[in-house]
Every structure is written in C-alpha cells, then in structure tokens.
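A look at the structure
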Amino acid sequence: MTHRKRLHVRPRSKPRPAAQAPRRLLPLGALAAGFGLMQAQALAQVPTPSAETAAPAPPAAASAPEGSRQTTMPAITVTAKPESDATSLRATTTGVARGLQDQRDIPQSVTVVTDRLMEERQVDTLNQALRLMGGISFLAGEGGEQDVRLRGFSMSGDLYVDTIHDPGFYDRDTFNFDRIELLRGSASMLFGRGSTGGVVNQVSKQAFLSNASVVNFTGGSYGFLRFTGDFNLKTGDSSALRINLMRNTADNNGNSIDKEGAALNFRWGIGTSDEFYAAAFYLNNDNGINYGLPWVRVSFTQPGFGPAVMIPGLNPGNLYYGAPSDYNAGGASYGTLGWLHRFQDGGELRAQARYGSYDRDQRASTIRFCQRTTNPNTGVVNNPDCPPTPQGLDTINAATILTRGTANKVQDMRTTYAQMDYSNRFGWFGVNHEVLAGVDLAFEDFSGYAMTLPSGVVLDKNSPRTTIGTPDNGYGWVNEGLRQKMQQSAFDARAAGIFAQDLIQVAEYWKVLLGLRYDYFKGDYQAFQTAAGTPVPPGTITADRRRSDGEWSERLGLLYQPNPNSSYYFSYGTSFNTSGDTYAYDLPGSNTPPESSRNIELGAYWTLFEGRLSSRASVFNITKYHERNRDSPAGTPIEDYLLSGRRHATGIDIDIAGRITPQWDVFVSYAWIPIAEIDVGNTDGTAISGERVGERPSLTPRNSGSVWTTYQLLPQLRLGAGITFRSSQTPNRNPPGIVAPSFVTGDLMAQYDFSDKVGLMVNATNFTNRYYADTLYTGHYGPGAPRSVQATLTLRF
C-alpha cells in the first residue's frame, strides 16, 4: 500500500464553497473536460477558466468602437466545480451510469472513492479501494484469484475502466485512476450481462490544458518502496499529453511486491466541437502470492468438516508459508481511441474503442496440515513423517508440520471493445426529456493452460518441511521453469448490446426514468487433452460446446426532488448471468439459459451544511430468482441445469461524504444486511453450490464498511483517523461450523505541507496489528494486511 499525491494543491485554510449541482444529465464530454480543468485550476491556484471547457466559438460580435483595441476570443463556458475529487472526500457527480450525472439524479445507490480519499487511506490497488465500501466481501478463489462480492453476489466479472469492460484476472493498481465508482444493484440495462450485485467503474486520468507535474516517493514497513510520477504537458492551444509512471517493490516477509506501470493520454481538440483522445496503459506484475492458511478443526466428532477456526496466535506480519519459487506474474496492456462530437443543439456523441491483452501466470502453494496416509491397495505410506491423525485445535503448536500443494493457473486473453453513446435534452410533448442511448460490441478470446511436468521430473516443495513456527523459512524452492505449458481450454465470446434511457420531467418536482436494453451473447468453448500416457493424445479436443442467448433488461425509476438539496427515489432494475461468464461451458451449462436477477430500491439523497456534505440512504431487496441447480433424479446424467434456485438479500446502504465544517471532513460507507437467505434449492432440499436452503448465503456479512475523518488543525497540518470493519461471515459453500470472526482495523494519518510544492504524509494502517481473515474459501482463508507505517514525500513542479 502507498500514498500518492495527484496533480493538485489542497486548500490550506478556508475551503472553496461547493457550487450548486446542475439538474440534468451532463453532456458526456464534460466527464473528461471537467476533471482536467478542476485539477489544473487546483494546481495553479488561479481561478482563470481554461479553454479546455470552451465550446466552439460563436459568430463574431458587433464591431468594437473605432479606435479601440479588439481582441477576438473563443466563448468560454466554465463547467468545473470549485470542489473536486482532488480536494474533497465527496463526489457530487458520477459517470458510472454511462453519462456524467448528478448523484441526486441517479435512482440507485452509488459510492465514489475520490482521489483525495485514496491518498489519505493509502490506497494503491483496486481491492484496497473496494474495502472502503459497505457491502463488499472477498472470496479467496480456488485458483488464488480474489472474487469480489457485493451484497453477497459475485461481481468479479463486473469491473470496468471508463465504462469499458475490464477482464477480471489481473491485480489492478490505481496509479492511473482518478476515482473508483461503485453502482449497487442490478445494472444490465447499462452494462449488459452480469452486474447482479452491481458494477465498479475505474476512471482513468486524462490530460488537461496546463503544465503541471507531481512525483511521490514512499518508503515503509516490510521493505516497501514506491515511486509514482504524474506529468501533464500542454502541447498546444487545444491539446495536452499526460504521462503516469509507477514502480513498486516490497519484501513483505516473503509475499513480495514487484510491479511497474505506465500510462499515456493524449487529447486534442479539447473544448471544440470535435475532441479526440488516444490512450495507452501498461501494467506488469511479478509479485509473490500468499495462497492462504488452512482452517483448524475444533472437533472431529461431528460429520463432515465440522466446526473450524483460524489458526490462533500468529503474527499478522509474518504469515507467508509458501515456497520461495511461488509467484503471481502477469498484467494488462491496452490502447484506447476516443472521439467526442458536440452538436449545436447541446447533444453529444461519444465513441470509444479499445484493444487489450491480459495475461496471468500463477505458481502458488496450497497450505494444509500434514497427515500420514496409507494406500489401502498398495500399502504405500504417504507423508510418513507426519501424524497419523488429523490436526485439531487441541493438538497444533509451533512444531505442527504444514504441506505445500500446487495451485498453478496460467491464462491469457485478447479483447476488442467498441462503444458509442448519444446524449441530449429535448422538450418533447411539452416536458423535458434527458435521453441517453448507446450500442456496444465485445470480442473476447480466452485461453487457459495446464502446466505439466516431463516424464520422470518431480518438483517437491516439501523437502525440507515447514512448520507453523517457521514461516518464510526459505524452504521448498523448485524450478518452475521445468513445467511445460499446454493449452487446456479456449473460449471465444461475442456480444452486442443496444439500449435507450429517458429521464422525463413529468411534473415540477417529479421525474420518471425508463430504460430498456437488448443483449446478444454467443460463446464457443473447447477443452483439450493435456495429460500424457493416455489413449487420447495431448492436444486432442475433448469437449466442443457452444451457446447463444438473447436477453432484455429493464430499468425503471421514480424521483421526487422538492428542492435542490433533497431527492427521493424508487427504482427497479434487472440483470442476467450467462453460463459462459466464467469463460467455460460444462455440459449442463451449455444447455442452460441465463440466470435472472432483479433489484428493488427505495432511497434518498441529501445535501447538507450549506452544500458542503452529501448523504445517501437506501433500502434494497435484491433477488436472484433463476439460479442454476443440478436437480435431477439420482443416477440420471445431468444434461442441463434447472433454473429453479432462488436467493435474496435485504438491507440498508448509507453513504456520507464531505465537510461538516470548513476544517472537518468525513467519509462514511456502511451496509447493513439483516436478511439474506437461500430460498429455494433442489426439490429434495439439498443445496445449490453447497449452500443449504434456509441458511444465510456465504460471504454476506451483516455489517460492513468504513469511516474516515480528517481535521485541518493548522494551515500546514492535517490529521486523520478511521476504521474499516466487517462482521462475521462464512466462506463459500457454507461448510458447517466455519465462521470467520468479525474485525475492525484502524488507520491514522498526519500530513504536513512545507510549501505548495513540498509535502510529507505519514500513515499507519491497521495500527493495532489486528489478525483477521480478509478473504475466505472453503479450505482456507487469506489473512488481512498487518500493521504498516509509511511516509510519502511529494514534490510538485
């Protein structure tokens, strides 16, 4: 984790007042132009408007009086708010709904982690940002990946960069993001397949019309070193180039960090009727990987796995038991082209196209307790140096032997995406209409690989052994380069969607939102033989399946806005999940239509304290009512899933962000989900995906979120403190008796600015060094980050 400053200088005394939010769907181009202007003005500390937000010049005015000096300048329209992501913990607008809108006009729960909040809370990865949001939990996936859950529903495939899909299997760094936006609830009308729990939109940095640069140098616990550089160059009257660089290393007591990134954004025609941009992004990870720790059984008298807990008494800062040769490499490279056309009537047409390449090469160790076993047929004894009985809570100690299994996952993907959105405002039939319509195309080619060993080659990570008392002991290194890469699967996905939405002002204080979308999805899947020594030669196609689906999605909303400071809403939205969302088809999945979900929400949005603070509260009910299950008579081959399962979650979301006083800032994101249940399973009462009917779904904590507050104690000194919390929850498949305990972690911050060009920030995260389970899986848990102290020096020029 690290703190990194963005291109801005925060106000040191009295903050600038927040401007009143516009009451309409903002043109799509304002998202890019407005952010750039706000940052440029904050850095320069001058109130002069920039040509970046200028509209095309109108016809020349009447001639000046004779003898006077006449200067012809383009018309300037200042759309930036005095308060920006760089200077505030709140965001009054968001682009997560496929067009820049005031949050008060969105009838759905939204949380935004702004640039400033990421700085103050040491956020430098996407997962760290998501941990600050209520309702979020994490599955420690079987393959080592982290599957993000929102309100208990998976959203790992619902990640976007600038509203374009971002495939989910690489570790994301935030060095090129201005903000992270979370839209809760079903959103297939805007984004297509997926989005049962919601979507995450990562907003990239864009060039603006000013010369400004900032660099950050961070050092901290566990050998943590990080450099970030953000350089913006004005290259012409309406063009600019922005370059962001990142380098990050850390030892982390064996679970190392070693990554680098670069991003470029070039914009031209800024503020004119035709604006263009070209962007490139590169991120390379060569990190370590901590696969997690096994649950410890409390009792062996109950059937099944039985009650289990975390391994007690461990040091949170020294929990790496993997092999020194383990690693998690990979990354992302993509290029994007964009065009924005502004029509004379105020409408805007935005087009984006992106080609991307993503890869992952994971070599991990599954950590388990060692147990001696005997093959009943051959009499061969496995693990003869280990105890013959399972290890329980009453028998483990520092000398307890652990084993390292193998968990390799190698994948790559090539993607091409294209979007075109149109927005405008009309006065049809005597009422105001704010129209948003668009089309998008997606082409995704996924490949998965098996890492096999040549005949006679053995890689042993367990010689010599490791124990609970000897973490990161350097044992178990193997030559991963001896493994041979063989393709085991291929999935080609093709998708197209078209949608239209209208926000209608039906009365003075009332608006109605109507949206409809149609999606077509086609997937082709192949599996290949990878094992040698079988009748089927390696490389032979062992499965060849395909499926296509067409689905409608709806979005309805009713808003009551009696004054500029309050908005009340009711909304209904649907979503669907295809069988190919995981880039694979098993036999039943290739014969099964998509699952369906819907979200119902009642909420309110208020602006308080003379416009300095925004708050939102909502009551929601989200139901997946066509969940796949394997309901078939015993002994009957499963040819397809039945869409008869159902689960739901009901709760409350609360978000507060902004300034209580000119010196006192606060951010709160909280989710309370008191009701969640598996409603319908198989007809015989058994579970769907291991979760039992009538019980609470896994990874659905009742309480979760974060609180953060800062105070400007002196013009140069600001102090901050906050907590992140999550109540108890169960891992996936709800194994009986396994419950991850609730936890609260605390963070502290102090910032001192020596001048407008030099600043120092010191952060202590998890300052009590709490040992807790952050990511959960049936057989193991991933410990949360330990106490860390870091200092960041910032230079602006």
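Being a predicted model, the structure only gives us computed values, none of them experimental.

Calculation criteria
Residues numbered from 1 in each chain as written. Predicted model: local features only at pLDDT ≥ 70, side-chain atom pairs only at ≥ 80, totals over all residues. Heavy atoms only, no water. Helix = DSSP H or I, 4+ residues; strand = E, 2+ residues; numbered from the N terminus. Buried < 20%, exposed > 50% of the residue type's maximum accessible area, 1.4 Å probe, protein only. Contact = heavy atoms within 4.5 Å. Areas by Shrake-Rupley, 256 points an atom, 1.4 Å probe, with all protein chains shown as cover. Patch = residues over 30% accessible without salt bridge, like charges linked within 9 Å, V, L, I, M, F, W, Y side chains within 5 Å. Salt bridge = Lys/Arg side-chain N within 4 Å of Asp/Glu carboxyl O. Pairing = 2+ DSSP bridges. Core = buried A, V, L, I, M, F, W, Y, C linked by side-chain atoms within 4.5 Å. Phe/Tyr/Trp six-rings, centres within 6.5 Å; stacked < 30°, edge-to-face > 60°. Lys NZ or Arg CZ within 6 Å of the ring centre and 35° of its normal. pLDDT = per-residue confidence, 0-100. Polar contact = N/O pair within 3.5 Å; in protein donor to acceptor, adjacent residues only side chain to side chain.

In terms of regular secondary structure, the chain is built from 4 helices and 42 strands. Burial analysis of the chain (797 residues in total) assigns 56% to the buried set. Look at the contacts in the chain between residues 6 or more apart in sequence, and 70% of them connect residues 24 or more apart. If you sum the accessible surface of the chain, you get close to 30,600 Å²; carbon and sulfur atoms cover 59% of it.

A grouping of F217, Y752, F754, L760, V762, V789 and L793 is seen on the molecular surface, where their side chains present a nonpolar patch of about 590 Å² in accessible area. Inspection of the secondary structure puts Y752 in strand β38 (residues 743-753).

This next bit is on the sheet that holds strand β21 (residues 367-369). The sheet built from 3 strands is open, its strands ordered β21-β24-β27 with antiparallel pairing. The sheet is open, and its two borders are formed by β21 and β27 (466-467), each paired with just one other strand.

One pass over the structure, following the stated rule, counts 46 salt bridges. Two residues, K205 and D230, come together in a salt bridge whose shortest N-O distance is 3.0 Å. With K205 in the loop between β10 (198-204) and β11 (212-220) and D230 in strand β12 (residues 224-236), this pair connects stretches of sequence that are 25 residues apart. Residue class for K205 comes out buried when judged on its relative accessible area of 4%. Judged by its relative accessible area of 2%, D230 falls in the buried class. Among the ionic contacts, a cluster of salt bridges with common partners joins R98, R350, D421, D440, R517 and D519.

Strand β9 (residues 177-184) sits mainly inside the fold: 8 of its 8 residues count as buried. Judged from the 7 bridges that link them, β9 and β10 form a sheet pairing that is antiparallel. Residue E181 lies in a different strand from β10, and its bridge partner there is N201.

Turning our eyes to something else, we now look at the nonpolar core. Counting 50 residues, the largest nonpolar core has L130, I136, I180, V200 and F491 as the members making the most contacts within it. Sequence-distant contacts of I180, that is, excluding residues within four places in its chain, are made with T111, V112, V113, M118, L126, A129, M133, V200, N201 and Q202. Core analysis: the second largest hydrophobic core is formed by 24 residues, M310, L314, F369 and Y777 among them.

Think of a pair of aromatic rings as described by two things: how far the centres are apart, and how the planes are tilted against each other in angle. Counting across every chain of the model gives 25 aromatic pairs. Aromatic side chains Y160 and F191 sit 4.6 Å apart centroid to centroid with 50° between the ring planes, which places their arrangement in the tilted category. Pair noted here: Y160 is in strand β7 (residues 159-161) and F191 is in helix α4 (residues 188-191), with a separation of 31 residues, a long-range link. Taking the centre distance of 6.2 Å and the plane angle of 80° together, the rings of Y568 and W606 count as edge-to-face. Of this pair, Y568 sits in strand β31 (residues 566-577) while W606 sits in strand β32 (residues 595-608), placing them 38 residues apart in sequence. The exposure class of Y568 is partly exposed, given its relative accessible area of 34%. Through successive ring pairs, a cluster of aromatic residues spans F169, F446, F491, Y525, Y583 and Y585. Above the ring of F620, the side-chain terminus of R151 is found at 3.6 Å from the ring centroid. Its guanidinium or amino end placed over the ring of Y170, R172 lies 4.3 Å from that ring's centre, counting from NZ or CZ.

Sheets are built from strands paired through backbone hydrogen bonds, the pairs being either parallel or antiparallel. In spatial order, the strands read β3-β9-β10-β7-β8; together these 5 strands make up an open sheet with mixed pairing. Two strands in the sheet have a free side with no partner beyond their single neighbour: β3 (110-113) and β8 (164-165).

What follows deals with the pairing of strand β29 (residues 510-528). Looking at chain direction, strand β28 (residues 484-505) and β29 are connected through 17 bridges and run antiparallel. Residue pairing across strands places G497 opposite D519, the latter belonging to β29. Between β28 and β29, which follow one another and run antiparallel, lie 4 residues.

Below, the discussion takes up the side chain of N232. Within the secondary structure, N232 sits in strand β12. Given the relative accessible area of 0%, N232 is considered buried.

With an omega dihedral of 0°, the bond running from S463 to P464 counts as a cis peptide bond. Here P464 lies in the loop between β26 (433-452) and β27. One non-glycine residue, E610, lies in the positive phi region at around 55°. With respect to the secondary-structure elements, E610 resides in the loop between β32 and β33 (613-629).

Moving on to the confidence of the model for the chain. Fine structural detail should not be taken from predicted coordinates in areas where pLDDT scores are low. Counting all residues, the mean pLDDT for the chain is 86, and 84% of those residues have values of 70 or more. Below pLDDT 50 for its whole length, residues 631-636 participates in 4 contacts with residues either more than four positions away or in separate chains.

Looking at the secondary structure, you find A532 in the loop between β29 and β30 (541-563). Residues A532 and S455, spaced 77 residues apart in sequence, show a C-alpha to C-alpha distance of 8.7 Å.

With that out of the way, let us pick up the side chain of S571. With respect to the secondary-structure elements, S571 resides in strand β31. At 2.7 Å, the side chain of S571 and the backbone oxygen of P107 are in polar contact. Other than its neighbours up to four places away in sequence, S571 contacts P107, L556, G557, N599, I600 and E601.

This brings us to the environment of E595. Topologically, E595 is positioned in strand β32. For the pair E595 and N577, spaced 18 residues apart in the sequence, the C-alpha separation amounts to 5.1 Å. Only 3.3 Å separates the side chain of E595 from the side chain of K624, close enough to count as a polar contact.

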